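Chain and residue survey
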Amino acid sequence: MGVPLAMETLTERVAFMRESLQKSQTITDNMVSILGSFDHRLSALETAMRPTQVRTHSIRRAHENIDKTLKAADVILAQFDLSRQAEAKILRGPHEDLESYLEAVDQLRSNIRFFSSNKNFKSSDGVLTHANNLLSKAILKLEEEFRQLLMSYSKPVEPERLFECLPNSLRPSSPGHAKNSSSNHHEHSNKALEGAVFTPPTLIPPRILPLLHDLAQQMIQAGHQQQLLKIYRETRSSVLEQSLRKLGVEKLSKDDVQKMQWEVLEAKIGNWIHFMRIAVKLLFAGEMKVCDQIFEGMGSLKEQCFADVTANSVAMLLSFGESIAKSKRSPEKLFVLLDMYEIMCELQPEIEAIFDGKACVEMRESALSLTKRLAQTAQETFGDFEEAVEKDATKTAVLDGTVHPLTSYVINYVKFLFDYQSTLKQLFQEFDKGGEANSQLANVTIKIMQALMNNLDGKSKQYKDAALTQLFLMNNIHYMVRSVRRSEAKDLLGDDWVQIHRRIVQQHANQYKRVAWGKILQTLSVQGLSSSGGSAMGGDNSSGVSRAMVKERFKAFNMQFEELHQRQSQWTVPDSELRESLRLAVAEVLLPAYRSFIKRFGPLIENGKNPQKYIRYTPEDLDRMLGEFFEGKNWNEPRR
C-alpha cells in the first residue's frame, strides 16, 4: 500500500515538473520573440540616425580645420609682425644700437627660414624675395659698420707706448738701453732678460672686440668671408706697418747696406735687434690676441687673417736681416752677426707659437731661414778673420816696439768671443751636431792666436835693430798671455797654453838682453886689457895693464850706454810689471860688471888727468838712467 502511494506521489511530481518545463519553454519562446522584435527596431533606428551622425562628424571636422587655420594665421601674422619690427630696426641702421640691429638681422633670418618652409602660403615667394633683399642690405650695412668700427679703433701704436711695455732694462730712458750693440754686449745682460716681463699693448679697446666679433660672425653667416678678410687685412696690416715705421723700422736692400758707413750700419743693426723684440713680443703678440677674440670660433679664418695682417711687417723686418747676412763679410761684422743670430734664436720659440698654423708657414720658414743664414755667415766670417789676421799686411810698424794695434784688436776680438760663449756653442751645433761645443770654441781661439803670432813674427822682421825685434815680440806675446789669464779664455785654452806662452815671453826677454847688452858688457870684460895681450892682471891693478886700453874701454862703454839710453828710452814696454822686471834683469847683469870694472881699473884713470872725462857715471847714475828705459820718450826729445 505504501509503494503505490509513493509511485502516485512521484508521478504527480513528474507531471508538475513537465508542466513547469512547458511553461518555461513558452516564456523563453516569448522572450526570444520580444528580443527579436527589439533587434529589428534598433537596426531600423540606427539606419534612421546614420545621416545625422555623418553631418555631426563633418561639422566637428570643419571646426577643427577652422581652429587650425586660425592658429596658422596667428603664426603667420606674428611672423609678419616680427618681420616688420626687424625691418624697421634694419632701416634705421646699426650705428645707433648695434645690439638691436644684430637681433633684427637674426630675426630676419628666422623669418626667411619660416617662409621657406611654408611654400604653400600664397604670398610666400613675394615675402621671401622682400626679406632676402632686406637681408642683403642689412649685411652691407653690417659690413660698413665693421669697417668703420675697425678703422676708428685701429691706430698706429706710438713708440712711447711700446717702450712702456718693455722691461726697465730695455727702455730707452734707462741706463741699460742699447745693450744689443757689439760694443756694449755682455752675456749677463741676456741672462737678466730671462725673467723679464713683456706686456703687449692694448691694440683695440676690450669693449669693442665683442662687437667686432658679432659683426664678423654675421658676415660669415651671410657668405661675406672674403669681404671680411679684405677689410681686416687692409685696415690692420696698414696700422701694423705704420707702428713699425714710427718705431724706426726701415726696409733696406743689400745695396743700401753695402753703401753705409760701418758706424751707421752698426747702429742700425743694434736698433733692428731692439725692433725685433718689440715686434714679436709686443706688436705681433698683441695682434694675435686681437685676432683670437674677433675671430673666435671661426675656424681657419683666424689664422688666415693674422697671416695676411702680419705678412708685410714680417717681410720688412726680416729683409734687413737678410741684407746684412748677404752683404760683404768683414771681421767687424762678426759680433753684430752673432747679436742678430742670438736674437733670432731667442725669439724662435715665440715666433713658432705666434705664427702657428698652416696659413703662417711661410713666415715661420722665413724666420728659421734667416737664423740659419746668419749662423752660416758668422761661421764663414770666423774663417775669414783667421785668414785676415795671418795675412794682415799693415805696413805701419810700431817704432817703439810696443803692442801692435793688430794684437790689441785681435785680443779684444777674442775677448768678445767669450762674451758670446753660449751663442757660439749653439752656432757650432748648427753645423756639427755631434761636436763638443767647448772644444770647437777652443780650437777656433787657438787658430786665431796662432795666426796672430805668425803675423807678429813677420812684422818683427821689419825692425833693423835685433834687440827691438825681441822687445816687440816679448811685448805682444806678453799682452796675449796676460789678456788670456784675465779672461774666460784661460778656462778654455787651459794652463798649458798659458805656461807655454809665458816661457816664450821669457825667451824673447832673454834674447833681448843678449842682443842689446852683449856688446856693452864686452867693454867691461878684462880680456884684451893686458899690454902684452894677456888676460891675467894679477893683484896689482897697474901691473901689466894698459892705461890707454882702460881709457878706451871707458870711452866705449860711455858711448854705447848713452846710445842705448837714447834709443831704448824711446822704446816702450807698456806693462809696468814686465817693464820693471826687464830693467831689473838688465841691472842685475850690468851694474855688478860695471862696479867690478870701476873697482879694478878706476884708480888708473882717477890718478890721471881729467878722470871725469872717462868715468862719467857712477853705478847709481846707471841705475837711475836704467829707470828711464822703455818709457817711450819722444824721438825729438833732446838727449839727457
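Residues numbered from 1 in each chain as written. Predicted model: local features only at pLDDT ≥ 70, side-chain atom pairs only at ≥ 80, totals over all residues. Heavy atoms only, no water.

**Looking at the overall build of the chain**
The secondary structure content of the chain amounts to 20 helices and 0 strands. Taken across its 640 residues, the chain has 43% of its residues classed as buried. In the chain, 81% of the contacts between residues at least 6 apart in sequence involve partners at least 24 apart. Here the chain displays about 34,600 Å² of accessible surface, and carbon together with sulfur accounts for 52% of that area. (Helix = DSSP H or I, 4+ residues; strand = E, 2+ residues; numbered from the N terminus. Buried < 20%, exposed > 50% of the residue type's maximum accessible area, 1.4 Å probe, protein only. Contact = heavy atoms within 4.5 Å. Areas by Shrake-Rupley, 256 points an atom, 1.4 Å probe, with all protein chains shown as cover.)

**Thoughts on the packing of helix H10 (residues 301–326) against helix H11 (residues 333–354)**
The angle between the axes and the distance between the axes are what describe a pair of packed helices. Put simply, H10 and H11 touch, their axes get as near as 12 Å, and they point 160° apart. Taken together, H10 and H11 sit at an angle that is classed as roughly antiparallel. Here H10 runs over H11; the crossing is left-handed. Counting all contacts with H10, which are made through Phe 306, Leu 318, Gly 321, Ile 324 and Ala 325, the residues of H11 involved are Leu 337, Met 340, Met 344 and Ile 354. Tallied by class, residues from the contact of H10 with H11 come to 8 nonpolar, 1 polar and no charged. (Axes fitted to C-alpha atoms, helices over the stretch in contact; angles between N-to-C directions. Parallel < 35°, antiparallel > 145°, perpendicular 65-115°, else oblique. Left-handed = near helix turned anticlockwise from the far one by under 90°. Nonpolar A, V, L, I, M, F, W, Y, C, P; charged D, E, K, R; others polar.)

**Looking at the nonpolar core**
In terms of nonpolar packing, the biggest core is built from 159 residues, with Phe 146 and Trp 517 touching the most fellow members. Per-element accounting of this core gives the leading share, 16 residues, to helix H9 (residues 262–294). Among residues more than four places away in sequence, those in contact with Phe 146 are Leu 212, Leu 215, Ala 216, Met 219, Leu 228, Ile 231, Tyr 232 and Ile 294. (Core = buried A, V, L, I, M, F, W, Y, C linked by side-chain atoms within 4.5 Å.)

**Comments concerning the pattern of salt bridges**
Here the structure, examined in full by the defined rule, presents 26 salt bridges. Across the pair Glu 552 and Lys 555 runs a salt bridge, and its minimum N-O distance is 3.9 Å. Here Lys 555 and Glu 552 lie together in helix H18 (residues 547–568), a separation of 3 residues that amounts to about one turn. Assessed through its relative accessible area of 45%, Glu 552 is described here as partly exposed. (Salt bridge = Lys/Arg side-chain N within 4 Å of Asp/Glu carboxyl O.)

**Here's the deal with a positive patch on the surface**
A cluster of basic side chains, namely Lys 415, Arg 485, Arg 486 and Arg 502, defines a positive patch on the protein surface. The exposure class of Arg 502 is partly exposed, given its relative accessible area of 40%. (Patch = residues over 30% accessible without salt bridge, like charges linked within 9 Å, V, L, I, M, F, W, Y side chains within 5 Å. Lys, Arg positive; Asp, Glu negative; His and termini not counted. Charge placed at Lys NZ, Arg CZ, Asp CG, Glu CD.)

**Quick notes on the confidence of the model for the chain**
Overall, the prediction assigns the chain a mean pLDDT of 83, with 79% of residues at 70 or greater. Confidence scores differ between elements of the chain, with helix H5 (residues 187–192) showing the lowest mean pLDDT of 54 and helix H20 (residues 619–626) the highest of 96. Here residues 174–188 is modelled with pLDDT under 50, and outside its nearest four sequence neighbours on either side it reaches 36 contacts, counting other chains as well. Low pLDDT, under 50, characterises residues 532–542; the stretch is placed with 11 contacts to residues that sit more than four places away or in other chains. (pLDDT = per-residue confidence, 0-100.)

**A look at the environment of Ser 327**
Structurally, the position occupied by Ser 327 is in the loop between H10 and H11. Considered as a pair, Ser 327 and Lys 254 are 73 residues apart in the sequence and their alpha carbons are 6.0 Å apart. With residues near it in sequence (within four places) discarded, Ser 327 still touches Lys 254, Val 257, Gln 258 and Lys 333. One polar contact links the side chain of Ser 327 to the main-chain carbonyl oxygen of Ile 324, over a distance of 2.7 Å. (Polar contact = N/O pair within 3.5 Å; in protein donor to acceptor, adjacent residues only side chain to side chain.)

**Things to note about the packing of aromatic side chains**
Here the structure, examined in full by the defined rule, presents 22 aromatic pairs. Ring plane angle 40° and centroid distance 5.8 Å describe the contact between Phe 335 and Tyr 420, whose orientation is recorded as tilted. With Phe 335 in helix H11 and Tyr 420 in the loop between helix H13 (405–419) and helix H14 (421–431), this residue pair connects regions lying 85 residues apart in the sequence. In terms of burial, Phe 335 and Tyr 420 fall into one category: buried. The structure contains a cluster of three or more aromatic residues connected by ring pairs, namely Tyr 512, Trp 517, Phe 557, Phe 561, Tyr 594, Tyr 617, Phe 629 and Phe 630. Here Lys 281 stacks its cationic end above the ring of Phe 198, 4.7 Å away from the centre of that ring. (Phe/Tyr/Trp six-rings, centres within 6.5 Å; stacked < 30°, edge-to-face > 60°. Lys NZ or Arg CZ within 6 Å of the ring centre and 35° of its normal.)

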